[in-house]
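Observations on chain architecture
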Amino acid sequence: EENVWKLCEQVKKTYPSELPKCYAVFVSNERRTVPLWRQKAGRGDEKLVIWDYHVFFMHNPSPNRCLVFDLDTTLPFPTYFHKYVTETFRSDYALTPEHHRFFRVIPAEKYLAEFSSDRRHMRRPDGSWIKPPPSYPPIQTSASTHSLDDFICMKPGKGPGAVYDLLHFVQQFYKPPDRNIGTKTQN
């Protein structure tokens, strides 16, 4: 989540006109058990892992062009949306309902303004770090020191941005090429 925040920050600094076309996307569900394939932390040939939540960055410069930047994928960086979704999420049809993935899509500007984390989720119960934290200070806002749970929550109407199931997420960001371009229709 912090890496995606840093990507949003970098776009704002270097390509501010592109920021309205960028999104932070959180993937989770009520049980916080979301299977994703093609992940560096995954096992087996298909690199399957079950995360409690996952976060990636999207750049959607036009209706039929969307790129996904996922720092944890084994796919190319970046990857076109359709390839990423097809290989990372596959389909909900083969999964039990408790493993269905939901997507909280937050405009990058809103993510920069509202996300905060005191990194409590990166500590063991005894207070020691699970992994060394990033070298920069925790991300804070004037309103909050820790809003991560609002972003992971997949209840519509709670938290920033919009929540989609897999089908509606794909419909929102993937526009297949118009196969009728250049063909004539008869009246």
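Residues numbered from 1 in each chain as written. Predicted model: local features only at pLDDT ≥ 70, side-chain atom pairs only at ≥ 80, totals over all residues. Heavy atoms only, no water.

Some thoughts on helix α1 (residues 2-14)
- Between the first and last C-alpha of α1 there are 18 Å, a value that for 13 residues agrees with the 18 Å anticipated at 1.5 Å per step.
- Of the residues making up α1, those classed as buried are E2, V4, W5, C8 and V11.
- Where α1 is buried, its residues meet β1 (22-28), β4 (54-62) and α3 (108-114). (Helix = DSSP H or I, 4+ residues; strand = E, 2+ residues; numbered from the N terminus. Expected span 1.5 Å × (residues − 1). Buried < 20%, exposed > 50% of the residue type's maximum accessible area, 1.4 Å probe, protein only. Contact = heavy atoms within 4.5 Å.)

Quick look at the side chain of T79
- For T79, the position within the fold is in strand β6 (residues 79-80).
- Overall, the relative accessible area of 2% leaves T79 in the buried class.
- Excluding anything up to four places from it in sequence, T79 contacts C66, L67, V68 and Y84.

Describing the UniProt feature "domain: Protein N-terminal glutamine amidohydrolase alpha beta roll" (unreviewed entry) in the protein
- According to UniProt, the positions carrying the feature "domain: Protein N-terminal glutamine amidohydrolase alpha beta roll" (unreviewed entry) are residues 1-173.
- With 24% helix and 23% strand, residues 1-173 has its two end C-alpha atoms placed 21 Å apart. (UniProt positions renumbered as here; feature names shortened; annotations may be inferred.)

Observations regarding the pattern of salt bridges
- What the rule picks out here adds up to 10 salt bridges.
- A salt bridge links E46 to R90; the nearest nitrogen and oxygen atoms lie 3.4 Å apart. With E46 in the loop between β2 (34-36) and β3 (49-51) and R90 in the loop between α2 (81-88) and β7 (102-107), this pair connects stretches of sequence that are 44 residues apart.
- In this structure, a network of salt bridges that share partners links the residues R38, K83 and E87. (Salt bridge = Lys/Arg side-chain N within 4 Å of Asp/Glu carboxyl O.)

Examining the packing of aromatic side chains
- Across all of its chains, the model carries 18 aromatic pairs by this definition.
- Ring centres of F56 and Y84 lie 5.1 Å apart, and the angle between their planes is 55°; this geometry places the pair in the tilted category. Of this pair, F56 sits in strand β4 while Y84 sits in helix α2, and the two are 28 residues apart along the sequence. Each member of the pair, F56 as well as Y84, carries the same accessibility label: buried.
- On the basis of an interplanar angle of 75° and a centroid distance of 5.5 Å, the ring pair of F115 and F151 is categorised as edge-to-face. Within this pair, whereas F115 is found in the loop between α3 and α4 (148-152), its partner F151 is found in helix α4, the two being separated by 36 residues in sequence. (Phe/Tyr/Trp six-rings, centres within 6.5 Å; stacked < 30°, edge-to-face > 60°.)

Some thoughts on the nonpolar core
- V4, C8, F26, F57, Y111 and F115 are the most contacted members of the largest nonpolar core, which has 23 residues in total.
- Elements with a minimum of two residues in this core: α1, β1, β4, β5 (65-69), α3 and α4.
- It is α1 that provides the largest number of residues to this core, a total of four residues.
- The residues contacting Y111, other than those within four sequence positions of it, are E1, V4, W5, C8, A24, F26, V55, I106 and F151.
- Formed by 20 residues, the second largest nonpolar core is a distinct cluster that contains V34, F81, L166 and F173. (Core = buried A, V, L, I, M, F, W, Y, C linked by side-chain atoms within 4.5 Å.)

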